Amino acid sequence: MSKLSLTTAKIHQDFPMYSSEHRGHFVYLDSASSSQTPRPVLDAVNAYYETYRANVHRGMYQASETATKEYEAVRRMVADFIFAKEDEIIFTRGTTESLNIVANGFVERLEAGDEIVLTVMEHHANLVPWQQVAKKTGCILRFIPLRTDYTIDIDAARRLIGPKTKILAVTLASNVLGTIVPAAELAKLAHAHSAVVVVDAAQAIGHIPVDVRKLDCDFLAFSGHKMYGPTGTGVLYGKKSMLQTLDPLLFGGDMIREVSFENATWNDVPWKFEAGTPNIGGVIGLGAAVRYVQKIGVQGIAAHEAQLTAYALQKLTEIPSVTIIGPNVTKERIGVVSFDVAGMHPHDLATILDADGVCVRGGHHCAMPLLRSLGHMNGTTRLSLSIINDEKDIEALAAGILKAKKIFRI
Amino acid sequence: MNTDLDMYRENILDHYREPHNVGSLTDAAVHHKELNPSCGDTVEIFIKFDGDRVSEVSFIGQGCAISQAAASLLTDHIKGMSTAELTALTQQDIFDLLGFPVGMTRLRCALLGLKTVQVGLQKI
């Protein structure tokens with residue numbers, strides 16, 4: 001294949017997982033589940049715990065002031081990263097919590113007969129919260145279907161999004177199929193009916209450019225741990241006007257302005273959504289992850305992963321009895337590739353690949369209705385790419401599949 | 001931690017390709033189905049008793065080699081057992097039937113058949 005955009009040998013020096021006992025036989029193709037962590041992120045987290053460990057927004061002493069300054073600086077970094085304003089960034093535990101804040105906030109504002117439009121490929125995190133909203137309010141869930149090439153059926157979307165649509169909640173990129181959703185186009189359709197637009201960017205962030213102005217979404221959610229940040233960190237972006245009227249999900253310390261025995265008023269946006277002591281070290285690590293991604297450059301990352309995706313599609317398609325579940329093209333898709341090996345369950349394949357140090361995910365990928373509707377009752381095997389991968393990883397995967405087929409006599 | 005591929009030995013793959021005791025039973029005293037939500041493995045079990053002892057057993061299943069081979073081996077193993085003996089079956093018994101211990105990542109696959117039998121038994 002042609003020379004990759006990024007030099008992985010150099011990038012591997014940033015990741016301690018490549019200098020440990022795994023070196024040489026660690027083929028990590030599961031970044032969509034959770035990415036590896038580079039040294040600058042670990043260093044930032046350690047610096048907090050080792051040199052200025054204190055709570056934020058509270059202490060009248062130097063360490064707390066430093067902690068507050070560093071924590072709030074990340075808000076600015078994240079805002080710049082997705083082209084938002086600082087007070088539109090809320091720190092959460094992850095995409096799931098971010099989406100739950102939004103869904104919960106709309107329970108009181110929806111009524112029976114209102115419609116929430118999703119796509120058929122939502123992760124459970126952007127499906128189950130809306131199911132609960134529908135149960136509580138009597139509103140109806142509608143699902144935008146896929147065309148046979150696994151892309152969004154935009155004509156169907158035009159028919160589905162209408163005057164009854166109150167919320168459009170869609171993924172930006174599928175964690176199963178790799179399909180990129182034309183979220184900006186869908187947002188335009190939804191806004192024409194004054195619906196609120198929510199985007200789940202968990203799989204897109206750090207892999208392709210994410211710009212909330214271009215998307216013109218009202219809310220956008222993502223996790224830190226899928227973009228080289230610590231686990232337990234996430235972001236909810238919301239337009240200021242939306243956040244001001246949205247009710248918080250969690251109540252307690254730091255999110256209040258004034259409290260009496262009977263009553264309380266809320267702190268300003270964004271702090272009214274950050275009840276209790278936040279994941280300070282994690283957020284500081286998230287800031288380092290944003291800096292790390294920016295240093296490498298999202299455009300370069302996207303180009304690198306697109307090259308490898310093309311190579312993976314080619315290598316997999318060459319193997320008899322392997323079927324790609326998703327767009328078999330490199331345009332409008334991310335480096336998440338699901339596939340099926342006829343006659344072999346994804347868990348068996350994943351186990352056999354693991355024997356050679358090849359890490360993939362097998363199963364339903366938290367999108368059970370999608371896999372069932374596509375007829376893949378056993379789920380799929382999925383590889384997912386990041387900046388740490390190169391062509392050798394794809395070749396190791398292909399060799400592993402051939403080995404598994406031999407064991408299963410396929 | 002990389003896996004030992006011992007679990008894909010020939011007798012396991014034989015049980016996977018051609019499982020024993022496949023089918024349904026009418027008027028089964030125990031009839032229960034369990035699903036492994038992470039991977040979609042299913043086992044539906046049917047048991048008939050003669051007195052307190054298993055006289056007939058069958059299953060219908062779908063899923064990975066480990067879940068289906070373990071269910072096949074289990075149905076062979078429990079013929080003639082009393083309800084008390086069924087209740088007393090443990091994870092170790094499944095490991096013994098398979099011929100190897102199963103790690104955390106595949107434990108639910110290996111134990112799906114046993115769970116189906118024991119949950120089904122509680123319903124009667």
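Values in this document were obtained by computation on a predicted structure and should not be read as measured data.

Description of the overall build of chain B
- When helices and strands are tallied, chain B shows five helices and three strands.
- Each helix (α) and strand (β) of chain B, taken in turn from the N terminus, gives the series α-β-β-β-α-α-α-α.
- On C-alpha atoms alone, chain B measures out to a radius of gyration of 14 Å, which is about the 14 Å that the 2.2 N^0.38 rule sets for 124 residues.
- For chain B, the C-alpha atoms occupy an extent of roughly 45 × 25 × 25 Å along the three principal directions.
- Every one of the 124 residues in chain B was classed for burial, and the buried ones make up 51%.

Observations concerning the sheet that holds strand E1 (residues 30-36) of chain B
Residue and element names in this part refer to chain B.
- The antiparallel open sheet is built from three strands, whose spatial order is E1-E2-E3. In this open sheet, the two edge strands, each paired with only one partner strand, are E1 and strand E3 (53-62). This sheet shows a mean twist of 15 degrees between the axes of neighbouring strands, independent of strand direction.
- Of the pairings in the sheet, the one linking E1 to strand E2 (residues 41-50) comprises seven bridges and is antiparallel in character. When the sheet's bridge partners are listed, Glu34 is paired in E2 with Val43.
- Docked against the sheet, helix H2 (residues 65-77) engages E2 and E3, running at close to 165 degrees with respect to E3.

Considerations on the interface of chain A and chain B
- Residue-level contacts link 21 residues of chain A with 23 residues of chain B.
- Contact between chain A and chain B buries roughly 1,700 Å² in total, counting both sides, with carbon and sulfur atoms accounting for 50%.
- When the area that chain A buries against chain B is broken down by residue, the three leading residues are His347(A), Thr351(A) and Phe408(A), summing to 27%.
- Our enumeration of links across chain A and chain B arrives at two salt bridges.

Focus: helix H5 (residues 104-122) of chain B
- The end-to-end C-alpha separation of H5(B) is 26 Å, in line with the 27 Å expected for 19 residues at 1.5 Å each.
- At Leu112(B), H5(B) shows its maximal kink, close to 50 degrees.
- Considered for burial, the residues of H5(B) that qualify are Arg106(B), Leu107(B), Cys109(B), Ala110(B), Leu111(B), Leu112(B), Gly113(B), Leu114(B), Thr116(B), Val117(B), Gly120(B) and Leu121(B).
- Those residues of H5(B) hidden inside the fold are in contact with helix H12 (346-354) of chain A together with E1, E2, H2, helix H3 (83-88) and helix H4 (91-98) of chain B.

Focus: the packing of H4(B) against H5(B)
Residue and element names in this part refer to chain B.
- Between H4 and H5, whose axes approach to 10 Å, the crossing angle comes to 100 degrees. As the angle between them shows, H4 and H5 are arranged roughly perpendicular. Listed contacts from H5 to Gln91, Ile94, Phe95 and Leu98 of H4 are Leu107, Ala110, Leu111 and Leu114.
- For the contact of H4 with H5, the per-class residue count stands at seven nonpolar, one polar and no charged.

Some words on the domain arrangement of chain A
Residues and elements named next belong to chain A.
- For chain A, the domain assignment lists domain 1 (8-30 + 297-407) and domain 2 (42-295).
- Here the C-alpha centre of domain 2 lies 28 Å away from the C-alpha centre of domain 1.
- Domain 1 puts 32 residues into the contact, and the matching count from domain 2 is 29 residues.
- Here domain 1 and domain 2 share an interface that buries about 2,500 Å² over both sides, 63% of which is from carbon and sulfur atoms.
- Together, Val298, Ile334 and Leu370 form the three largest contributors to the area buried by domain 1 at its contact with domain 2, with a combined 24%.
- Counting every contact that joins domain 1 to domain 2 gives zero salt bridges.
- Linking domain 1 to domain 2 there are 14 residue pairs in polar contact (both at pLDDT 80 or more).
- For the side of domain 1 that touches domain 2, the elements supplying multiple residues, two or more each, are helix H11 (298-318), strand E11 (322-325), strand E12 (336-341) and helix H13 (368-373).
- A per-element tally of the side of domain 1 that touches domain 2 places H11 first, with five residues.

As for unusual backbone geometry
- With an omega of 5 degrees, the peptide bond between Val269(A) and Pro270(A) qualifies as cis.
- Mapped onto the elements, Pro270(A) comes out in the loop between strand E10 (264-266) and helix H10 (280-296).
- Residues other than glycine seldom take positive phi values, yet Asn21(B) does so here, at roughly 55 degrees.
- Take Asn21(B): it is sitting in the loop between helix H1 (10-17) and E1.

Brief notes about the packing of H2(B) against H4(B)
All names here are of chain B.
- With their axes 10 Å apart at the nearest point, H2 and H4 run at an angle of 100 degrees to one another. Comparing the axis directions of H2 and H4 gives the class roughly perpendicular. Taken together, the residues of H4 that come into contact with H2 (itself represented by Ala70, Leu73, Leu74 and His77) are Ile94, Leu97 and Leu98.
- Partitioning the contact of H2 with H4 into residue classes produces six nonpolar, one polar and no charged.

The rules behind these values
Residues numbered from 1 in each chain as written. Chains lettered and ligands numbered in written order. Predicted model: local features only at pLDDT ≥ 70, side-chain atom pairs only at ≥ 80, totals over all residues. Heavy atoms only, no water. Helix = DSSP H or I, 4+ residues; strand = E, 2+ residues; numbered from the N terminus. Rg over C-alpha atoms; globule rule 2.2 N^0.38 Å. Buried < 20%, exposed > 50% of the residue type's maximum accessible area, 1.4 Å probe, protein only. Pairing = 2+ DSSP bridges. Axes fitted to C-alpha atoms, helices over the stretch in contact; angles between N-to-C directions. Contact = heavy atoms within 4.5 Å. Buried area = accessible area lost by both parts, 1.4 Å probe. Salt bridge = Lys/Arg side-chain N within 4 Å of Asp/Glu carboxyl O. Expected span 1.5 Å × (residues − 1). Bend = angle between axes of the 7 residues up to and from the residue. Parallel < 35°, antiparallel > 145°, perpendicular 65-115°, else oblique. Nonpolar A, V, L, I, M, F, W, Y, C, P; charged D, E, K, R; others polar. Domains from an automatic or database assignment. Polar contact = N/O pair within 3.5 Å; in protein donor to acceptor, adjacent residues only side chain to side chain.

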